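Tertiary structure, described
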Amino acid sequence: MNSPSVVTQLFGSGLIGVREGLETGIVVMILVAFLVKSDRRDALRWVWIGVAAAVAMVFAVFAGIHYGTSTISGLAAEAVAGVASLVAVVIVTLMVLWMRGAAAHISGDLKAGMGRALELGAPAVLALAFLAVGREGIETALLMVGYAENTSGSSWPLVGLLIGVLIAVGITIGLYFGTVKINLQKFFTYTGAFLIVVAAGILAYGIHAVQTVGWLPGLSDRAFDISSVYDQSSWYGTLLGGIFNFTPEPTVLQVVAWVAYLAVVMTLFFRPRRSTGQSTAAAPAARVETPAAQ
């Protein structure tokens, strides 16, 4: 299959960068606002060092996956792609659903953690920032697995991811100083659903790779075949293939897994929360205290 167009690679990875970057930015904003409000600006440099180290780690992980898989070929490449994709789906799904439930108290947890870190000293502050940002960043790197396996070593997904992160940084700065106002609840609901659909595509891709190796049966059992009327080189073909890993001739197992995954995970993601009545992961973030809000 041909690699997705440059625009598709930039758009897909850029949107992931904006969503994940903004989520990470909110975490950093909570930590920074807490230190400023606590009159502990001296500890800010350790937060920024931890953030920088986490960002460097994320890009290193993504680059390793992206370029490392392009150095192997044949069944070995399919095996690596399949296993990496399936592992990525499991971890990303758990983190997306965890964030939805943990968001109601994540601000309090981060503030409490920073309070303890300040008592322990600079290394603890650095470690807290590194782990808080790194946790979100690893999710981003794993989501990019689908692009790493689908673009033949192209650098455009990395460029798109960087552009998306830079946009998220700008939005976060605007939120911090009160110059930008967005409905975070709707933003994270829509983008969270988008990431679940992306993960479903990565799941289908991984299953096909594993079937190609022979670890799962049904490689020749096609659910449907629309390749005669579906142009993979068209704008819609590159868009669907590049972002959602859509193929015009999927196997039965791919389709079953894709439908089942979306049905289960979307239900869990959108189910009402009885304890707080909120249904998204980012709603509490809209109430983060910043110097501009004081």
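Reading the values: rules and limits
All residue numbers refer to positions counted from 1 along the written sequence of the respective chain. Predicted model: local features are reported for residues with pLDDT of at least 70 only, side-chain atom pairs are reported and counted for 80 or more only, and whole-chain, interface and lining totals are derived from all residues. Hydrogens and water molecules were not included; the side-chain quantities draw on all heavy atoms of the structure. UniProt positions are given in the numbering used here, feature names are shortened, and annotations may be inferred rather than shown by experiment. Secondary structure elements are taken from DSSP: a helix is a run of H or I of four residues or more, a strand is a run of E of two residues or more, and numbering for both begins at the N terminus. Space inside and on the surface of the protein is sampled on a 1 Å grid over the protein atoms alone, with a cavity defined as a set of points where a 1.4 Å probe fits but cannot get out and a pocket as an open set with protein on both sides within 12 Å along at least 5 of 7 lines; lining residues have an atom within 4 Å of a point. Grid points are joined across faces, edges and corners, and a volume is the space filled by probe spheres set on the points. Three classes are used: nonpolar for Ala, Val, Leu, Ile, Met, Phe, Trp, Tyr, Cys and Pro, charged for Asp, Glu, Lys and Arg, and polar for all others, with Gly counted as polar. For every residue, the accessible area (1.4 Å probe, protein chains only) is compared with the maximum for its type, and the residue is labelled buried under 20%, exposed over 50%, or partly exposed between those bounds.

As annotated in an unreviewed UniProt entry, the protein carries the name FTR1 family protein and is attributed to Williamsia herbipolensis. Within the UniProt record for the protein, the comment given under Sequence similarities (unreviewed entry) is "Belongs to the oxidase-dependent Fe transporter (OFeT) (TC 9.A.10.1) family." Turning to the protein, the UniProt record has this under Subcellular location (unreviewed entry): "Membrane".

**Points about the UniProt feature "transmembrane region" (unreviewed entry) in the protein**
This chain's UniProt record puts "transmembrane region" (unreviewed entry) on residues 12-34, 46-67, 79-99, 120-138, 158-180, 187-207 and 251-270. Regarding residues 187-207, the helix share stands at 100% and the strand share at 0%, and the terminal C-alpha atoms are separated by 30 Å. With 95% helix and 0% strand, residues 251-270 has end C-alpha atoms that lie 28 Å from one another.

**What about the layout of surface pockets?**
Empty space within the second largest pocket amounts to approximately 550 Å³. Lining the second largest pocket are 24 residues, and of these Thr24, Gly25, Val28, Val51 and Val169 lie nearest its centre. Of all elements in the fold, only helix H1 (6-37), helix H2 (44-68), helix H4 (122-143) and helix H6 (156-177) reach the threshold of two or more residues within the lining of the second largest pocket. A per-element tally of the lining of the second largest pocket places H1 first, with eight residues. Of the residues that constitute the lining of the second largest pocket, the class distribution is 16 nonpolar, seven polar and one charged.

**Focus on unusual backbone geometry**
Of note in this structure, Asp39 is not a glycine but carries a positive phi near 60°. If you check the backbone angles, Asn245 has positive phi at about 55° while not being a glycine. Note that Asn245 resides in the loop between helix H8 (235-244) and helix H9 (252-270). Asn245 sits in the buried class, given a relative accessible area of 12%.

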